[in-house]
Amino acid sequence: MKTLQQILTYLIWTVIALLLGIGYMRILLGPNDAPKEGLWYLFHVFYNFGMIHIGLRVGAVIAILFIILDVFYLKKKLKNNKWQSFLTRLLFLLGIAMFVGGIHYILEKVIDVI
């Protein structure tokens, strides 16, 4: 039962990380101003597809890094208070998201690898 609860907890954190990745791509790409009629409809569809596709990849990297950090470091440090451990994990997740977003920005805009 404890293993099932732990898998469910990591599944919830993974969903949050995936949403953070999609949110990051939404911030990076900006609003979708293309009209939904005519040939511009293809641009509209590709914009949404790209935002979700790349956002999920960025979110997956965030989730993997968070789970590795949680298994090897946070789980040992946070055992007493539920709210304190939740907030600490959330702050670490946001920190990892900012780190991954910064690395993505540097690789895309500065070094021009992506």
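Residues numbered from 1 in each chain as written. Predicted model: local features only at pLDDT ≥ 70, side-chain atom pairs only at ≥ 80, totals over all residues. Heavy atoms only, no water.

Enquirer: Would you take a moment to explain the overall build of the protein chain for this structure?
Expert: A count of helical and extended segments in the protein chain gives three helices and zero strands. Ordered by position from the N terminus, the helices and strands of the protein chain form the series α-α-α. Its C-alpha radius of gyration of 17 Å places the protein chain more than 25% over the 13 Å reference for a compact globule of 114 residues. Reported as C-alpha extents along the three principal axes, the dimensions of the protein chain are approximately 55 × 35 × 20 Å. Burial statistics for the protein chain: of 114 residues in total, 25% are counted as buried. Of the contacts formed within the protein chain by residues at least 6 apart in sequence, a portion of 63% connects residues at least 24 apart. In the structure as shown, the protein chain presents an accessible area of about 8,400 Å², 73% of it carried by carbon and sulfur atoms. A gap of 22 Å separates the mean positions of the 11 positive and 5 negative side-chain charges of the protein chain. (Helix = DSSP H or I, 4+ residues; strand = E, 2+ residues; numbered from the N terminus. Rg over C-alpha atoms; globule rule 2.2 N^0.38 Å. Buried < 20%, exposed > 50% of the residue type's maximum accessible area, 1.4 Å probe, protein only. Contact = heavy atoms within 4.5 Å. Areas by Shrake-Rupley, 256 points an atom, 1.4 Å probe, with all protein chains shown as cover. Lys, Arg positive; Asp, Glu negative; His and termini not counted. Charge placed at Lys NZ, Arg CZ, Asp CG, Glu CD.)

Enquirer: Whenever I open this one, the nonpolar core confuses me. Can you help?
Expert: As a rule of thumb, soluble globular proteins bury nonpolar side chains together. In terms of nonpolar packing, the biggest core is built from 15 residues, with Ala17, Val58, Ile62, Phe66, Leu93, Ile96 and Val100 touching the most fellow members. Of all elements in the fold, only α1 (2-29), α2 (40-77) and α3 (82-110) reach the threshold of two or more residues within this core. Top contributing element to this core by residue count: α2, with six residues. With residues near it in sequence (within four places) discarded, isoleucine 62 still touches Ala17, Gly21, Leu93, Ile96, Ala97 and Val100. (Core = buried A, V, L, I, M, F, W, Y, C linked by side-chain atoms within 4.5 Å.)

Enquirer: Would you mind going over the packing of α2 against α3 with me for this structure?
Expert: Helix packing for two helices is described by the angle between their axes and how far apart those axes are. Between α2 and α3, the least distance of the axes is 9 Å, while the angle of their chain directions is 135°. One finds that α2 runs oblique with respect to α3. The element α2 and its partner α3 pack so that their crossing is right-handed. Contacts between α2 and α3 involve Val58, Val61, Ile62, Leu65, Phe66, Leu69, Asp70, Leu74 and Lys75 on the former and, on the latter, Arg89, Phe92, Leu93, Ile96, Ala97 and Val100. Of the residues belonging to the contact of α2 with α3, the class tally is 12 nonpolar, no polar and three charged. (Axes fitted to C-alpha atoms, helices over the stretch in contact; angles between N-to-C directions. Parallel < 35°, antiparallel > 145°, perpendicular 65-115°, else oblique. Left-handed = near helix turned anticlockwise from the far one by under 90°. Nonpolar A, V, L, I, M, F, W, Y, C, P; charged D, E, K, R; others polar.)

Enquirer: I keep staring at α1 and nothing clicks. Help me out?
Expert: The terminal C-alpha atoms of α1, which comprises 28 residues, lie 41 Å apart, in line with the 40 Å expected from a rise of 1.5 Å per residue. Positive backbone phi, approximately 85°, marks glycine 30, located one or two places after α1. (Expected span 1.5 Å × (residues − 1).)

Enquirer: I'm lost on the confidence of the model for the protein chain in this one. Help?
Expert: Predicted coordinates in regions of low pLDDT should not be interpreted in detail. Overall, the prediction assigns the protein chain a mean pLDDT of 89, with 100% of residues at 70 or greater. Element-level pLDDT for the protein chain is lowest in α2, with a mean of 90, against a maximum mean of 93 in α1. (pLDDT = per-residue confidence, 0-100.)

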